[in-house]
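# Coordinate analysis (summary)
Here is how the chains run, residue by residue.
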Amino acid sequence: ELTPRGGTTKGPEVQLNYAPAKEFLNLQVDGLVDKDRDRLAIISMAGDYRTSFDFIETMGFVSGYKTPKPYQSWGTERVYLIEESEDFISLQHILVMRFESNEGEISEPMVVKHWRQDWLYEDTITHDYQGNGVYKKQDHPKQDVRGHWTQTVYQVDDSPRYEAMGRWHHRTGLSEWQSTEKKRPLPRREFSIRNDYQTLLGHHRITVTRNGWIQEEDSLKLVLNPNNEQPETGALLAREAGISRYERILDYDFDAGDVYWKKTESFWRDVRSYWSQVYESSQTFKVRKQVDGQSMFAMLFDMADKPYGDDENRQKMIEQTIQRFVKQNTEVTAE
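Residues numbered from 1 in each chain as written. Predicted model: local features only at pLDDT ≥ 70, side-chain atom pairs only at ≥ 80, totals over all residues. Heavy atoms only, no water.

## Thoughts on the nonpolar core
Using the following cut-off: Buried Ala, Val, Leu, Ile, Met, Phe, Trp, Tyr and Cys residues that are joined via side-chain atoms within 4.5 Å together make up what is termed a nonpolar core. Accessible area is worked out with a 1.4 Å probe on protein chains only. A residue is then buried under 20% of its type maximum, exposed over 50%, and partly exposed in between. Think of it this way: any DSSP run of H or I at least four residues long counts as a helix, any run of E at least two long counts as a strand, and we number them from the N terminus.
Counting residues in hydrophobic clusters, the biggest one holds 33 residues, and the most contacted among them are Phe267, Trp268, Trp275, Phe285 and Ile322. A per-element tally of this core places helix H4 (residues 255–281) first, with 9 residues. Grouped together as the second largest cluster of nonpolar side chains are 29 residues, Ile43, Tyr71, Ile89 and Tyr162 included.

Dropping the structure here:
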């Protein structure tokens, strides 16, 4: 009954890279100040990876609870360092997948722009997820964020997912960052098949090692009413454990991903720029999953490699598209 759901495809064999990354070796150098060591740990997450994703509910808190099937999936993924400054680092993930048929034939590459993670040092403003697509601006005193890095995770279409703070801790052989507990939207693997809870409440740990990095997650599945309040009974549905592994690989052909990113980089830069405007001008905003039966990610993916003539026209089309899905500075509740 607990046969995993999720990725049932297979890919070609890949060659693991057992040599430590240059950035990881730099992490081990004596005499670095904490912030410099933190930056090296974040930058070292860029590279080429075999990825695997495993999630399982470990316990339930409601009457008649039955453990659902765990989830498993895999990928081959290049993580690009797309922006870097003293206090800010941005990493873009792009999947380049090849699938093996039952006859042993390998497909052409499938390229998918995946999630993005931005890291900001001593961030005093976050946009905290409330539930049901709603985000609210939160100010933090400077003394509370000293030495902390905020990791902001974005969906495949660069819409927000969640922000969490934490400090890096470095030991010989590993560096790890532990997040604060935050509410998070349901991932696609869940909202595409479930509607019995509205948000995840959890924290995660990222551990950088000599051959890659691992993200461990511990989340409660939380039931909310349309006003993002917990009901008096039955608010907690279950607890879930998750682990995502990023193992460095050699000699895998990511050229198709490079071509896609070169072709669409300016488009996605404008998407990020518009979302920055939403963040700066909103105390609260809500992101809708669908409008007129269409999802934002599908519309933006379709637009990404189209010709627009000039930057102004491209930016206008992006703004008009995202505005259909975002409601700003109002009391917003579930639909």
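Once you've had a look at it, read on.
## Thoughts on the sheet that holds strand S8 (residues 134–139)
Applicable threshold: When DSSP finds two or more bridges between a pair of strands, those strands are recorded as paired. Orientation is described by axes fitted as lines to C-alpha atoms, over the contacting stretch for helices, and by angles from 0 to 180 degrees between their N-to-C directions.
With antiparallel pairing, the 4 strands of this open sheet are ordered in space as S7-S8-S16-S19. This sheet does not close on itself; its edge strands, each paired only once, are strand S7 (125–131) and strand S19 (326–328). Strand-to-strand twist of the sheet, defined as the mean angle between neighbouring strand axes without regard to direction, takes the value 25°. Note: S7 against S8, 6 bridges, orientation antiparallel. Following the sheet pairing, Asp128 is matched in S8 by Lys136.

## Brief notes about the side chain of His204
The criterion, for reference: Only heavy atoms matter for contacts: two residues are in contact if any of them lie within 4.5 Å across the pair.
Within the element layout of this structure, His204 appears in strand S13 (residues 199–209). Since its relative accessible area comes to 0%, His204 is described here as buried. Ignoring anything within four residues of it in the chain, the contact list for His204 reads Gln151, Tyr162, Ala164, Trp177, Gln178, Ser179, Arg184, Gln215, Glu216 and Glu217.

## So, the pairing of strand S5 (residues 88–97)
Burial analysis of S5 places 10 of its 10 residues in the buried class, which makes it a mostly covered element. Residue alternation in S5 divides its side chains into two sets, Phe88, Ser90, Gln92, Ile94 and Val96 and Ile89, Leu91, His93, Leu95 and Met97, and both sets are buried. Bridge analysis of strand S4 (residues 71–84) against S5 gives 7 bridges, and the strand direction is antiparallel. Bridge assignment links Glu83 to a residue of S5, and that residue is Ser90. As paired elements, S5 and strand S6 (residues 110–121) share 9 bridges and run antiparallel to each other. For Val96, the partnering residue across the bridge sits in S6 and is Val111.

## A look at unusual backbone geometry
Phi at Asp158 is positive, roughly 70°, even though this residue is not glycine. Following the sequence through the fold, Asp158 ends up in the loop between strand S9 (149–154) and strand S10 (160–171).

## Re H4
Short version of the rule: Take the number of residues in a helix, subtract one, and multiply by 1.5 Å to get its expected span. The seven residues ending at a residue and the seven starting there each receive a fitted axis; the angle between those axes is the bend at that residue.
For H4, built from 27 residues, the straight-helix expectation of 39 Å at 1.5 Å per residue is met to within 8% by its first-to-last C-alpha distance of 38 Å. Along H4, the sharpest change in direction is near 55° and occurs at Thr264.

## Concerning helix H6 (residues 311–323)
Going by this rule: As used here, the arc is the angular range of directions from the helix axis to the C-beta atoms. For this analysis, a polar contact is any N or O atom pair within 3.5 Å, provided that within protein one partner can donate a hydrogen and the other can accept it, and provided that sequence-adjacent residues contribute only side-chain to side-chain pairs.
Between its first and last C-alpha atoms H6 spans 18 Å; for 13 residues at 1.5 Å apiece the expected length is 18 Å, and the two agree. Among the residues of H6, Arg314, Ile318, Thr321 and Ile322 are the ones counted as buried. Down the axis of H6, the buried side of the element spans an arc of 90°, and every buried residue falls inside it. Those residues of H6 hidden inside the fold are in contact with H4, helix H5 (296–303) and S19. Where H6 begins, one side-chain oxygen reaches toward the backbone nitrogen of Glu312, 3.2 Å away; that side chain belongs to Asp310.

So yeah, pure geometry; function would need other evidence.
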